[in-house]
Amino acid sequence: MKLIVGLGNVGNVYENTRHNLGFMCVDYFARKHNLLFKEDKKLKCLITTFNANSEKIIIIKPTTYMNLSGEAVLAVKNFYKISILDILIICDDLDSHVGRVRLRQNGSSGGHNGLKNIILHLGTEEFKRVKIGIGRDPLINTADYVLGHFKTEDKAIVEEAIVDVCAILDEFIEDEPFYKIASKYSKK
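Predicted model, so just to flag it, every value in this text is computed and none were measured.

Draft legend 1. Region of the structure containing the pattern of salt bridges. Overall, the coordinates contain 8 salt bridges when judged by the stated rule. Between Asp175 and Lys2 there is a salt bridge, with its nearest N and O atoms 2.5 Å apart. Remark: Lys2 occurs in strand E1 (residues 2–6) and Asp175 occurs in the loop between helix H5 (152–173) and helix H6 (178–185); sequence separation between them is 173 residues. Across the salt bridge formed by Glu171 and Lys184, the nearest N and O atoms sit 2.8 Å from each other. Separated by 13 residues along the polypeptide, Glu171 in helix H5 and Lys184 in helix H6 bring together distant segments of the chain.

Dropping the structure here:
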């Protein structure tokens with residue numbers, strides 16, 4: 001069983017903002033594979049499931065808002081008894097240029113509050129993640145920047161990154177070794 005988590009904030013006001021890049025990636029994947037999310041209040045997320053290669057695949061979008069994402073991840077992990085090794089988190093990365101895709105086997109939060117809360121709830125940094133660069137603007141407050149929309153000139157780059165993340169998810173589901181996926185898709 002595998003758990004794929006797209007990080008973001010629920011609500012129309014946050015739709016297509018930089019901080020919702022994780023949601024945007026799993027939404028794209030769901031559209032491509034004709035999957036529909038439904039709300040599960042007990043598990044604190046929007047969830048969809050399907051089977052691939054005789055294995056259950058669970059994709060969630062936490063409804064806890066970004067800073068409490070770990071609550072939903074832990075609830076789903078415990079309910080379905082999913083191994084840490086089979087969890088993949090998708091999130092934005094303030095410290096990488098727009099559209100840069102980076103895959104990590106593990107590591108610190110890097111200051112990302114969603115990852116920080118997941119680490120707190122899971123009690124480990126040993127989970128896989130895909131981070132997509134959103135850049136940084138030193139003239140804009142960080143909170144305002146991550147909750148802002150992409151510039152027009154960045155939209156095509158972001159869309160290309162989302163397509164790459166969808167391909168990464170397909171390979172992750174097919175049990176391709178993560179280090180091979182990382183070497184194929186991590187961009188500088």
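Continuing now.
Draft legend 2. Spotlight on the packing of H5 against H6. For the pair H5 and H6, interaxial distance at closest approach is 10 Å and the crossing angle is 160°. When the axis of H5 is compared with that of H6, the two are roughly antiparallel. When you trace H5 past H6, the crossing you get is right-handed. The residues of H6 that touch H5, namely those facing Asp164, Ala167, Ile168, Glu171 and Phe172, are Phe178, Ile181, Lys184 and Tyr185. Each residue belonging to the contact of H5 with H6 can be placed in one class, and the counts come to 6 nonpolar, no polar and 3 charged.

Draft legend 3. Just unusual backbone geometry, in detail. Phi angles above zero are rare outside glycine, and Lys44 is one such case at about 60°. If you trace the backbone, Lys44 turns up in the loop between strand E2 (38–40) and strand E3 (45–52). Assessed through its relative accessible area of 34%, Lys44 is described here as partly exposed.

Draft legend 4. Spatial organisation of the pairing of strand E5 (residues 87–93). Taking burial as the measure, the 7 residues of E5 include 7 buried ones, the bulk of the element. Direction of pairing for E1 relative to E5: parallel, over a ladder of 4 bridges. When the sheet's bridge partners are listed, Ile4 is paired in E5 with Leu88.

Draft legend 5. How the structure looks around the nonpolar core. Core analysis: the biggest nonpolar cluster contains 37 residues, and Ile4, Ile90, Leu103 and Val130 have the highest contact counts within it. Looking at this core, the element that brings in the most residues is H5, giving 9 residues. In this view, Ile90 contacts Ile4, Val5, Gly6, Leu7, Gly22, Cys25, Val26, Val130, Ile132, Val165 and Leu169; residues no more than four positions away in its chain are not counted. Judged by nonpolar contacts, the second largest core, of 23 residues, contains Leu3, Ile47, Ile60 and Cys91.

Draft legend 6. Up close: H6. Regarding H6, the residues found buried are Phe178, Ile181, Ala182 and Tyr185. All buried residues of H6 fall inside an arc of 100° around its axis, so they share one side. For H6, the exposed residues set more than 90 degrees away from the buried face come down to Tyr179, Ser183 and Lys184. Close packing links the buried residues of H6 with E5, strand E6 (101–104), strand E7 (128–133) and H5.

Definitions and limits used
- Residues numbered from 1 in each chain as written.
- Predicted model: local features only at pLDDT ≥ 70, side-chain atom pairs only at ≥ 80, totals over all residues.
- Heavy atoms only, no water.
- Salt bridge = Lys/Arg side-chain N within 4 Å of Asp/Glu carboxyl O.
- Helix = DSSP H or I, 4+ residues; strand = E, 2+ residues; numbered from the N terminus.
- Axes fitted to C-alpha atoms, helices over the stretch in contact; angles between N-to-C directions.
- Parallel < 35°, antiparallel > 145°, perpendicular 65-115°, else oblique.
- Left-handed = near helix turned anticlockwise from the far one by under 90°.
- Contact = heavy atoms within 4.5 Å.
- Nonpolar A, V, L, I, M, F, W, Y, C, P; charged D, E, K, R; others polar.
- Buried < 20%, exposed > 50% of the residue type's maximum accessible area, 1.4 Å probe, protein only.
- Pairing = 2+ DSSP bridges.
- Core = buried A, V, L, I, M, F, W, Y, C linked by side-chain atoms within 4.5 Å.
- Arc of directions from axis to C-beta.

Function cannot be inferred from these measures alone, as they are strictly geometric.
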